[in-house]
Amino acid sequence: MDPLPSRNSNLPQRRADFATVPEILDYAAQGQTGISFYSARGELLSALAWREVRERAHVTARKLIGAGFAMGERLLVTADTWPGFFDTFFGAQYAGLIPVPVSIPVGIGGKDSYLDQLRRQLASSGAVAAVGIDDLAGFLADAAKDLPAVRLHGGKGILDALPEKAVDLRPLGPGDLCYIQFSSGSTRHPHGVQITQRALMANLAGMTGPAGLDVIPGDRAASWLPLYHDMGLIGFLMAPLICQLSIDYLTPRDFARRPMQWLNIISRNRGTISYSPSFGYDLSTRRGAAQVPADLDLSCWRRAGIGGDMIRPEVLSRFADAFEPSGFDRKAFIPSYGMAEVCLAITFSPKGAGVRTDIVDRIALGSDQAAVPAADPQDAQRARSFVLCGRVLPGHLLEVRGPDGELLADRGVGRIFVKGPSVMPGYFGEPEASREVLSDDGWLDTGDLGYWLAGEIVVTGRAKDLIIINGRNVWPQDIEWAIEARRVVKSGDVAAFSIDTGAGERVVVAVLARVSGEEARVALAREVAGAVREAIAVDCDVALVPPPTGLPMTSSGKLSRARTKANYLAGLYAVPGSPSKPVAA
Amino acid sequence: MPAPRTGESLLRTAHQLIVEHDDIASTLELPRLASRVDVIREICRHLAPYQAGERPIGGATVIAKDLTIDSLAIMDMVMELEDSFDVSIPMNLVAEIHTVDQLADTILDLRAKR
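Predicted model, so just to flag it, every value in this text is computed and none were measured.

Cut-offs and rules
Throughout, residues of each chain are indexed from 1 in the direction in which the sequence is written. Chains and ligands are labelled sequentially in the order written, the chains with letters from A and the ligands with numbers from 1. This being a predicted model, a pLDDT of at least 70 is required before a residue's local features are given, and a value of 80 or more before pairs of side-chain atoms are given or counted; all residues contribute to the totals for chains, interfaces and linings. Helical segments are the DSSP runs of H or I of at least four residues, strand segments are the runs of E of at least two, and each set is numbered from the N terminus. Working definition of burial: number of other C-beta atoms within 10 Å of the residue's own, with buried at 20 or more, exposed at 12 or fewer, and partly exposed in between, all C-beta atoms being placed from the backbone. Placing a C-beta atom from the backbone of each residue, one calls two residues in contact when those atoms lie within 7 Å. At least two bridges found by DSSP between two strands are what make those strands a pair. To obtain an axis, a line is fitted to C-alpha atoms, over the contacting stretch when the element is a helix, and the angle between two such axes runs from 0 to 180 degrees between their N-to-C directions. Rotating anticlockwise by less than a right angle from the far helix to the near helix defines a left-handed crossing, while the corresponding clockwise rotation defines a right-handed one. Roughly parallel here means an angle under 35 degrees, roughly antiparallel means over 145, roughly perpendicular means 65 to 115, and every remaining angle is called oblique. Only Asp, Glu, Lys and Arg are considered charged, only Ala, Val, Leu, Ile, Met, Phe, Trp, Tyr, Cys and Pro nonpolar, and every remaining residue, Gly among them, polar. A residue's pLDDT is the confidence the predictor assigns to it, expressed on a 0 to 100 scale. To obtain the arc, one takes the directions from the helix axis to the C-beta atoms. Call a crossover right-handed when, viewed with both strands pointing away from you, the route from the first strand across the helix to the second goes clockwise.

Attention now goes to the overall build of chain B. Helices and strands together make up the secondary structure of chain B, namely seven helices and zero strands. Ordered by position from N to C terminus, the α and β elements of chain B give α-α-α-α-α-α-α. Taken over 114 residues, chain B has a buried fraction of 32%. Across chain B, contacts joining residues at least 24 apart in sequence account for 57% of those joining residues at least 6 apart.

Each helix and strand counted, chain A has 17 helices and 26 strands in total. Residue burial in chain A is summarised as follows: out of 585 residues, 55% are buried.

In this section: the pairing of strand S1 (residues 34-38) of chain A. Residues and elements named next belong to chain A. Summarising burial for S1: five of the five residues are buried, a large majority. Of the strand pairs in this sheet, S1 and strand S2 (residues 44-49) are connected by five bridges, and their pairing is antiparallel. Looking across to S2, one finds that Gly34 is bridged to Ala49. Connecting S1 to the next strand, S2, in antiparallel fashion are five residues, including Gly42 with a positive phi near 90°.

Of all twelve residues in helix H8 (residues 230-241) of chain A, twelve are buried, a share of seventy percent or more. For H8 of chain A, the full list of buried residues reads Asp230, Met231, Gly232, Leu233, Ile234, Gly235, Phe236, Leu237, Met238, Ala239, Pro240 and Leu241 of chain A.

Right, let's get into the sheet that holds strand S3 (residues 74-78) of chain A. Residue and element names in this part refer to chain A. Taken in spatial order, the four strands of this open sheet run S4-S3-S5-S6, and their pairing is parallel. Edge positions in the sheet fall to strand S4 (98-102) and strand S6 (152-155), since each has one partner strand and no second. Here the average twist between neighbouring strands, direction ignored, is 15°. Judged from the five bridges that link them, S3 and S4 form a sheet pairing that is parallel. Among the inter-strand pairings, Thr78 is bridged to a residue of S4, identified as Val102. In the packing of helix H5 (residues 137-144) onto the sheet, the strands contacted are strand S5 (129-132) and S6, and the crossing angle to S6 comes to about 155°.

Moving on, we get to the sheet that holds strand S25 (residues 505-512) of chain A. All names here are of chain A. With mixed pairing, the three strands of this open sheet are ordered in space as S24-S25-S26. Each edge of the open sheet carries a strand with a single partner, namely strand S24 (494-500) and strand S26 (540-545). Averaged over all adjacent pairs, the angle separating strand axes in this sheet is 30°, with direction ignored. Two strands pair when backbone bridges link them, and S24 and S25 are joined in this way by seven bridges, in the antiparallel orientation. Pairing of Ile499 across the sheet is with Arg506, part of S25.

The next point concerns unusual backbone geometry. Look at Arg270 of chain A: it is not a glycine, yet its phi comes out positive at around 55°. Among the structural elements, Arg270 of chain A can be located in the loop between helix H10 (260-269) and strand S11 (273-276). One non-glycine residue, Asp86 of chain B, adopts positive backbone phi at about 60°. With respect to the secondary-structure elements, Asp86 of chain B resides in the loop between helix H5 (71-85) and helix H6 (91-94).

All names here are of chain A. For the pair helix H2 (residues 50-66) and helix H3 (residues 83-95), interaxial distance at closest approach is 7 Å and the crossing angle is 60°. Taken as a pair, H2 and H3 cross one another with a handedness that is right-handed. Note on element contacts: H3 touches H2 through Phe86, Asp87, Thr88, Phe90, Gly91, Ala92, Gln93, Tyr94 and Ala95, opposite Val53, Arg56, Ala57, His58, Thr60, Ala61, Leu64 and Ile65.

Residues and elements named next belong to chain A. Two elements in contact, helix H1 (residues 21-28) and H2, have axes whose closest approach is 8 Å; the angle formed by their N-to-C orientations is 130°. Our classification of the angle between H1 and H2 gives oblique. Crossing handedness for the pair H1 and H2: left-handed. Two secondary-structure elements touch here, H1 through Leu25, Asp26 and Ala28 and H2 through Trp50, Val53 and Arg54. Looking at side-chain class alone, the contact of H1 with H2 contains four nonpolar, no polar and two charged residues.

The next point concerns the interface of chain B and chain A. Each partner contributes residues to the interface: chain B has 29 residues there, and chain A has 34 residues. Breaking the side of chain B that touches chain A down by element, the ones donating at least two residues are helix H1 (9-21), helix H4 (63-66), H5 and H6 of chain B. Here the element with the most residues in the side of chain B that touches chain A is H1 of chain B; it accounts for six residues. Its residues assigned to classes, the side of chain B that touches chain A shows 17 nonpolar, six polar and six charged.

Quick look at the confidence of the model for chain B now. All names here are of chain B. Here chain B shows a mean pLDDT of 75. Residues at 70 or above account for 71%. Looking across chain B, the model is least confident in H1, with a mean pLDDT of 35, and most confident in helix H7 (residues 100-112), with 95. Here residues 1-30 is modelled with pLDDT under 50, and outside its nearest four sequence neighbours on either side it reaches 41 contacts, counting other chains as well. The ipTM assigned to the predicted complex is 0.74, against a pTM of 0.85.

Among the residues making up H5 of chain A, those that are buried are Ala137, Phe139, Leu140, Ala143 and Ala144 of chain A. What you see down the axis of H5 of chain A is that its buried residues fit within an arc of 160°, all on one side. On its buried face, H5 of chain A sits against helix H4 (111-125), S5 and S6 of chain A together with H6 of chain B.

Turning our eyes to something else, we now look at the confidence of the model for chain A. Looking at chain A, pLDDT values average 92 and 97% of them are 70 or higher. In the predicted structure, residues 579-585 of chain A sits below a pLDDT of 50 and forms ten contacts with residues beyond four places in sequence or in another chain.

All names here are of chain A. Relative to the assigned elements, Leu227 resides in the loop between strand S9 (220-223) and H8. For Leu227, a count of 27 C-beta atoms within 10 Å translates into the label buried. Sequence separation between Leu227 and Thr81 is 146 residues; the distance between their C-alpha atoms is 6.6 Å. For Leu227, the contacting residues outside a window of four places in its chain are Ala79, Thr81, Phe85, Pro101, Gly232, Leu233 and Leu237.

Turning our attention to the environment of Trp481 of chain A. For Trp481 of chain A, the position within the fold is in helix H15 (residues 476-485). Expressed as a C-alpha distance, the spacing of Trp481 of chain A and Val494 of chain A, which sit 13 residues apart in the sequence, is 8.8 Å.

Quick look at the pairing of S11 of chain A now. Residue and element names in this part refer to chain A. Side chains Ile273 and Tyr275 project from S11 onto one buried face, and the interleaved Ser274 and Ser276 project onto a second face that is buried too. Both S11 and strand S12 (residues 303-306) contribute to a ladder of four bridges, which runs parallel. The residue bridging Ser274 from the neighbouring strand is Ala304, located in S12. This β-α-β element, S11 to helix H11 (residues 278-288) to S12, shows right-handed connectivity.

What follows is the structure in structure tokens.
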């Protein structure tokens, strides 16, 4: 089996001038490019030209229509990187159904929280069917048990077993939804972003055009990003597809296992475009730099994007140092910013500029909401560097607003708002949650904080409580609930937040310590950390709060995570088993 | 040998390739027939650095809870065990494992099914 070609021999490249996903695939199917799946050991497992992807999708679509599913009904699919996902996702596009890609279980012992998440996603999307890889058929059955709306569930075989009937396809049109993206909201109250065909086309045009990646014929994409994440599905399926590129895939699990395979695949297939959150570059450097293959040649990689979490300039610089001898060009780095609520991307750093930072005074940032250039950029205590994320995509508007909604000028830190054709119409079936982030005149509150610098946006953090660990969104409510559900502490006795360690985010859980004695305190902390690890698969530090002090509340009597965090950083809470107080990051 | 992930015939064919090219399996020092005791000993060897307090690590130890191991290290350990014992633990089974015993039994079941 040979890798699919990077160029089509007689199909001119059309870059993102389509109206729907079915149209995109119809065009790409006329060429020879397509998708290839690689194993953790770097072998090509299977390859599907876009033509085959389309043919298989048509078969799946006729089966779905023949089974009586109505236009607009939702189909949940576990978005592991496997051919069956492509059959189901594109099959739904041609059958007029709305796919709902969801994640796969993470970590050991995660079954219960995964089932819980599946149930909520099924209910929230009103899905009528749920399919996944065969291994997950049992979990899908468990999750669908009490949901009569789910008429069909199981492994991919359940779709394959449906009879293919001679029915007309019903491709989704320009005014339709494309799919529902679950990446927003906590697992308890998941919000599915409505990705419309129209918004997706607008975002893809920006992303692949001159203000974005500026895709050219012969480009080739490589990705290990999960397809249940907007950066995986839109960034590394839709964007290459809308330019008829070939894509080489490694599963996220295999990337974690052998990160060097990501780079090997780029090198071997002469990949030109690949993205990762900072942590992926970090993992590759830490695990791969010691044994770089002599023939690794990354000189082909012209767009090395970073997105999905706070961009860590030190991490990227270490990666570039490690792989420059293998031809990596640090100017290929493209820091970018976005979120599922705008499909994916909203700003791109200029091509060929690499990572540019602005070093500001940490204290002014915290107390005056101002990004004042640091007096001494070398002073690690006072100086903090942020990455410039570029200009807003053409046709879109970006604002940074102060606490009273006033527009801020350069270096004033405030909330980032965005407006334009990529912005979602709202969360699926959640008018209230949608109104909280979308104004009547179309402005989206991103919940992120940042400032302007000569026309470019610099993202400094988040106004909302969301925690992002290794590119994964984790809501503090889910952490708190996991601890309470295991009856480790009473409801309301816990607050979760994250601190910035410089190398990434670290979860801290503050709990009221209703126990005495060092041994009991250490045991409590261990139990809290264990509960979080088992339910959410993230690690945390535990801070003990004396019951008389209590956790800080807002004026309306809600838990204030922001003030809990401020207290923690000020050293007001004890960290069991450590002689010293916590050090502010 | 990892189990085929799906009903895909392409994957299944390619999957047989892995075995031929597998340099790790050929350097295995572990006996082809691993006993339950061997498997548990190997797991405990991985977990030893993460022992919390005086309580020894044993079959009933709840991996994510009773130890100081972090989630990335857990996944690393599972991957190394998969390589050592030449199995691939499907994600649904991984999600159901809590204790050392359960991990060992899962590995033994998968080896027996090969």
